Amino acid sequence: MSKFGELIDLNIPVLLDFYTEWNEDSKAMNPVLREVAASMGNKAKVIKIDVDKNSQLAEALRVKALPTLMIYKSGEMKWRQSGEQDASTLVGILKEYV
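Note that this is a predicted model, so its numbers are computed, not measured.

Some remarks on the packing of aromatic side chains
Here comes step 1: All chains considered together, the criterion is met by one aromatic pair.
Here comes step 2: Plain terms: the ring middles of Phe 4 and Tyr 72 are 5.8 Å apart, the flat faces sit at 90° to each other, and that makes the pair edge-to-face. One end of the pair, Phe 4, is in helix H1 (residues 2-8); the other, Tyr 72, is in strand S3 (residues 68-73), with 68 residues separating them in the sequence. Side by side, Phe 4 and Tyr 72 carry an identical accessibility label, which is buried.
Here comes step 3: The cationic tip of Lys 48 hangs over the ring face of Tyr 19; the distance from NZ or CZ to the ring centre is 4.0 Å.

Encoded structure:
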């Protein structure tokens, strides 16, 4: 959990994708997240968190559906949504917090 605090305590927006390897909706988000990361460059960070390997964190954040996406900036959650999202929507939301 201490590493999680370091991840989200950046002065740029951090998009977290809570996923599993076996979830089809999670798999569908992979190219979308690559596009978001490419579009944002160093203005934001995109981090994938495998729920199967980080179950305590997922439980603490009440992740119930996959994928669950969250945006943090300076340690504070700014946005959260479950389910698939498109790249332009995510880029637009991230730009609000740059």
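Some details on unusual backbone geometry
Here comes step 1: Backbone torsion omega between Leu 66 and Pro 67 reads -10°, so that peptide bond is classified as cis.
Here comes step 2: Mapping Pro 67 onto the fold places it in the loop between helix H3 (55-60) and S3.
Here comes step 3: At Arg 62, a position not held by glycine, the phi torsion is positive, near 55°.
Here comes step 4: With respect to the helices and strands, Arg 62 occurs in the loop between H3 and S3.
Here comes step 5: Not every positive phi belongs to a glycine, and Ser 74 is a case in point at roughly 50°.
Here comes step 6: The topology assignment puts Ser 74 in the loop between S3 and strand S4 (76-82).
Here comes step 7: The class for Ser 74 is partly exposed, based on a relative accessible area of 39%.

Comments concerning the pairing of S3
Here comes step 1: Of all six residues in S3, five are buried, a share of seventy percent or more.
Here comes step 2: Pairing analysis gives six bridges linking S3 to S4, with the strands arranged antiparallel. Following the sheet pairing, Thr 68 is matched in S4 by Ser 82.

Brief notes about the sheet that holds strand S1 (residues 14-19)
Here comes step 1: Pairing is mixed in the open sheet, where four strands are placed in the order S2-S1-S3-S4. Both outer strands of the open sheet, strand S2 (45-50) and S4, are each paired with one neighbouring strand and no more. Ignoring strand direction, the axes of neighbouring strands in this sheet form an average angle of 20°.
Here comes step 2: Here five bridges tie S1 to S3, and the two strands are oriented antiparallel to one another. Residue Leu 16 lies in a different strand from S3, and its bridge partner there is Met 70.
Here comes step 3: On the sheet, helix H2 (residues 24-40) packs against S1, S2 and S3 and is oriented at approximately 160° with respect to S2.
Here comes step 4: Where helix H4 (residues 87-96) meets the sheet, its contacts fall on S1, S3 and S4, and the angle it forms with S3 comes to roughly 20°.

Calculation criteria
- Residues numbered from 1 in each chain as written.
- Predicted model: local features only at pLDDT ≥ 70, side-chain atom pairs only at ≥ 80, totals over all residues.
- Heavy atoms only, no water.
- Phe/Tyr/Trp six-rings, centres within 6.5 Å; stacked < 30°, edge-to-face > 60°.
- Helix = DSSP H or I, 4+ residues; strand = E, 2+ residues; numbered from the N terminus.
- Buried < 20%, exposed > 50% of the residue type's maximum accessible area, 1.4 Å probe, protein only.
- Lys NZ or Arg CZ within 6 Å of the ring centre and 35° of its normal.
- Pairing = 2+ DSSP bridges.
- Axes fitted to C-alpha atoms, helices over the stretch in contact; angles between N-to-C directions.
- Contact = heavy atoms within 4.5 Å.

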